[in-house]
Amino acid sequence: MVLQRFSWPYGGRHASFCGSFTGWREYPMALVGTEFQVVFDLPPGVYQYRFLVDGVWRCDESKPFMRDEYGLISNKVLVENNAQPVAQPEPSPIRGINMDEGTILTTMPPEPSSQNPGMQIAVFRHGISGILLHNTIYEVVPLSSKLAILDTQLPVKQAFKIMHDEGLALVPLWDDHQGTITGMLTASDFVLMLRKRNIRALGNEELEMHPISAWKEAKLQFYGGPDGAAVQRRPLIHVKDSDNLVDVALTIIRNEISSVPIFKSLPDSSGMPLLNLATLQGILTFLCSKLQEQPEGYSLLHNQLLNIPIGTWSPHTGRTSNRLLRTLPLSSPLNSCLDLLLQDRVSSIPIVDDNGSLRDVYSLSDIMALAKNDVYARIELEQVTVQNALDVQYQVQGRRQCHTCLQTSTLLEVLGKLCIPGVRRVVIIEQSTRFVEGIISLRDIFTFLLG
């Protein structure tokens, strides 16, 4: 073992250190005179390291550095046996003692296989972040693809029919007066329209005959502040084609949206600022292709779900979740299902039979089936069950596969399912009974990956 000192002499209020030999876990540095220092007791070898100074990742430009396969720059150091090598200690957990007026000495176990689960996750996340930070959303979107855009003056009824016919759950809106994309029309809008078709703000005409712009204004008035005042429409959430994939994924997660418009960084002769739409599934598919190219260092992919803190779980599994896992029986009123989807701000709910076994998943986008042949105009939501709604869905698009997995499934298996076009969540079931034990969505995946 060899004592190796690392220092940051370039100022700052707080500094910490991480390296390939720490599993990229951060360690505090002590201020000694005018520089931050830390000392590690290391086996000989070549290592990478970086500094976190006042919340910003830094490298020492006066020391050797390297760029890894993802473009991530780190300092590197060659640790060699010195003339008086330090006796190798017994393998033990990481420990720290103080020396040299507060410089921190940390002895590292020589075998990386001794990582605890928390460190394994930290190493995995660091590698994932390296990929996502050094690739932009421009590299993810297809070079050529069909993108539907609707004019805000189009009647709502016609707009929802187009969305159904094209299989779209959301579509960007073009405002000819402003000459740009100003919003999105979504399946949630269709749900709200079905439930509030008699909004007085629109007058006596049928709501669905009004233009999209009128519906958007009426929605703002109806869902105004507590004093009844109409709320102001927020600016369109969007990203630029030069944004890295971490920023794009966080934009989608933090705003609780399923897709975000990508605007061009530089205007072109077309006058259309919109390049495409970014989705978590598109980013995940790109990420998985990179992981296939460089599978080394991602052992967590082969861990079973029961050993990974990810997803939303039923209380009977003994696992905790940030969200409450809800299921509904087939006989539930469709109105109740829509209420839960909107109130819980989730995109789907597992549907079970009388024995609690999984039968299907009802999603917000499934409501668009009611737009075919104006089915919605001939029904009362209070009298329609989830079973009735699923039957309409099957008549329109045929029966579909409900993607499931087990607690013993690996993270890699779940990622593979979520890369299938159109799949946004995987339901975790008990194998023999098909009881619902949990659900993992694309949002859950990225919340875990980004920590």
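Within each chain, residue numbers correspond to sequence positions counted from 1 in written order. Residue-level local features of this predicted model are given only where pLDDT is at least 70; pairs of side-chain atoms are given and counted only at 80 or more, and the full residue set underlies all totals for whole chains, interfaces and linings. To get the side-chain values, all heavy atoms of the structure are used, and hydrogens and water are removed first.

Colleague: How do you make sense of the overall build of the protein chain when you look at a structure like this?
Modeller: Labels follow the DSSP assignment, with helices taken as runs of H or I lasting at least four residues and strands as runs of E lasting at least two, numbered in each case from the N terminus. Scanning the protein chain for helices and strands turns up 10 helices and 24 strands. A 1.4 Å probe rolled over the protein chains alone gives each residue an accessible area, and that area as a share of the maximum for its type sets the label: buried under 20%, exposed over 50%, partly exposed in between. The buried share among the 451 residues of the protein chain stands at 46%. The contact definition used throughout considers only heavy atoms, calling two residues in contact when any of these lie within 4.5 Å. Contacts in the protein chain between residues far apart in sequence, at least 24 positions, make up 63% of those at least 6 positions apart.

Colleague: Honestly, the sheet that holds strand β12 (residues 150–151) in this entry has me stumped. Any pointers?
Modeller: Sheet strands associate in pairs through backbone hydrogen bonding, adopting either a parallel or an antiparallel arrangement. When DSSP finds two or more bridges between two strands, those strands count as paired. In spatial order, the strands read β12-β13-β14; together these three strands make up an open sheet with mixed pairing. Strands at the two margins of the open sheet, each flanked by one partner only, are β12 and β14 (180–186). Judged from the six bridges that link them, strand β13 (residues 170–175) and β14 form a sheet pairing that is antiparallel. Pairing of Leu173 across the sheet is with Gly183, part of β14. The strands touched by helix α2 (residues 156–166) are β12, β13 and β14; relative to β14, the strand with the most contacts, the crossing angle is about 75°. Axis definition: a line fit to C-alpha positions, over the contact stretch in the case of helices; interaxial angles, taken between N-to-C directions, run 0 to 180 degrees.

Colleague: Got a minute to help me understand the pattern of salt bridges in this structure?
Modeller: Oppositely charged side chains may form a pair once their charged atoms are brought near each other. Every case where a carboxyl oxygen of Asp or Glu lies within 4 Å of a side-chain nitrogen of Lys or Arg is listed as a salt bridge. In total, this model carries nine salt bridges according to the counting rule given. Taking the shortest distance from any N to any O, the salt bridge between Glu166 and Lys146 comes out at 3.0 Å. Of this pair, Glu166 sits in helix α2 while Lys146 sits in the loop between α1 (117–133) and β12, and the two are 20 residues apart along the sequence. Owing to a relative accessible area of 42%, Glu166 belongs among the partly exposed residues under this scheme.

Colleague: Looking at this structure, I do not really get the confidence of the model for the protein chain. What am I missing?
Modeller: Low pLDDT marks regions whose predicted coordinates should not be analysed in detail. Scored between 0 and 100, pLDDT is the confidence that the predictor attaches to each residue. On average, residues of the protein chain score 82 in pLDDT, and 84% of them are at 70 or above. In this model residues 83–115 is a low-confidence stretch, pLDDT under 50, and it forms 62 contacts with partners more than four residues away in sequence or in other chains. Within the model, the stretch residues 225–230 combines pLDDT values under 50 with five contacts to residues more than four positions away or in other chains.

Colleague: Would you mind going over the nonpolar core with me for this structure?
Modeller: Inside soluble globular proteins, nonpolar side chains tend to come together where they are buried. Ranked by size, the top nonpolar core spans 50 residues in total, and within it Phe124, Ile137, Leu284, Leu411, Ile445, Phe446 and Phe448 carry the most contacts. Among the secondary structure elements, those contributing two or more residues to this core are α1, α5 (245–254), β16 (259–263), α6 (280–293), α9 (411–418), β23 (425–429) and α10 (442–449). Excluding its chain neighbours within four sequence positions, the residues that come into contact with Leu411 are Phe124, Leu300, Leu301, Asn303, Leu305, Ile308, Ile310, Ile445 and Phe448. By convention a nonpolar core is built from buried Ala, Val, Leu, Ile, Met, Phe, Trp, Tyr and Cys residues, the set being connected through side-chain atoms within 4.5 Å. Of all hydrophobic cores here, the second largest spans 42 residues; its members include Met163, Leu185, Leu194 and Val392.

Colleague: Help me understand the packing of aromatic side chains, please; the structure alone is not making it clear to me.
Modeller: Centre-to-centre distance and the angle between the planes together describe a pair of aromatic rings. By convention, a stacked pair of Phe, Tyr or Trp rings (six-membered ring in the case of Trp) has centres within 6.5 Å and planes under 30 degrees apart, an edge-to-face pair has planes over 60 apart, and any other such pair is tilted. This model, assessed by the stated rule, comprises 16 aromatic pairs. Ring centres of Phe17 and Phe21 lie 5.9 Å apart, and the angle between their planes is 35°; this geometry places the pair in the tilted category. Given a relative accessible area of 12%, Phe21 falls into the buried group. Members of the aromatic cluster, each reached through a chain of ring pairs, are Phe6, Trp8, Tyr10, Phe17, Phe21, Tyr27, Phe40, Tyr47, Tyr49 and Phe51. Consider the ring centre and the ring normal. A charge sits over the ring if Lys NZ or Arg CZ is within 6 Å of that centre and within 35 degrees of that normal. Positioned over the ring face of Trp57 is Arg50, at 4.9 Å from the centre of the ring. Arg319 extends its terminal NZ or CZ atom over the ring of Trp313, reaching a point 4.0 Å from the ring centre.

Colleague: What's the story with α5 in this structure? I'm lost.
Modeller: Along an α-helix, residues three or four positions apart point the same way, because every turn accommodates 3.6 residues. Of all 10 residues that make up α5, eight are buried, and the element is covered over most of its length. Where α5 is concerned, the buried positions are Leu245, Val246, Val248, Ala249, Leu250, Thr251, Ile252 and Ile253. Its side-chain oxygen placed 3.0 Å from the backbone nitrogen of Val246, Asn244 serves as the N-cap of α5. Two residues or fewer after α5 comes Glu256, characterised by a positive phi angle close to 50°. The definition of a polar contact used here is a pair of N or O atoms within 3.5 Å, where within protein one atom must be able to donate a hydrogen and the other to accept one, and adjacent residues in sequence count solely through side-chain atom pairs.

Colleague: Can you walk me through the state of the cysteines in this structure?
Modeller: Among covalent bonds in proteins, the disulfide is the one between the sulfur atoms of two cysteines. The definition used for a disulfide is geometric: two cysteine sulfur atoms within 2.5 Å. Under the criterion given, the structure shown has zero disulfides. Looking at the unpaired Cys59, the closest cysteine sulfur is the one in Cys18, lying at 9.4 Å. Cys288 supplies the cysteine sulfur nearest to Cys419, a cysteine that is in no disulfide, at a spacing of 3.6 Å.

Colleague: Just checking my understanding: could you explain the side chain of Asn244 for this structure?
Modeller: With respect to the helices and strands, Asn244 occurs in the loop between β15 (239–240) and α5. Residue classification places Asn244 among the buried residues on the basis of a relative accessible area of 17%. Here the side chain of Asn244 touches Val246 through a polar contact of 3.0 Å, landing on its backbone nitrogen. Beyond its immediate chain neighbours, meaning those up to four positions away, Asn244 contacts Leu132, Leu133, Asn135 and Thr136.

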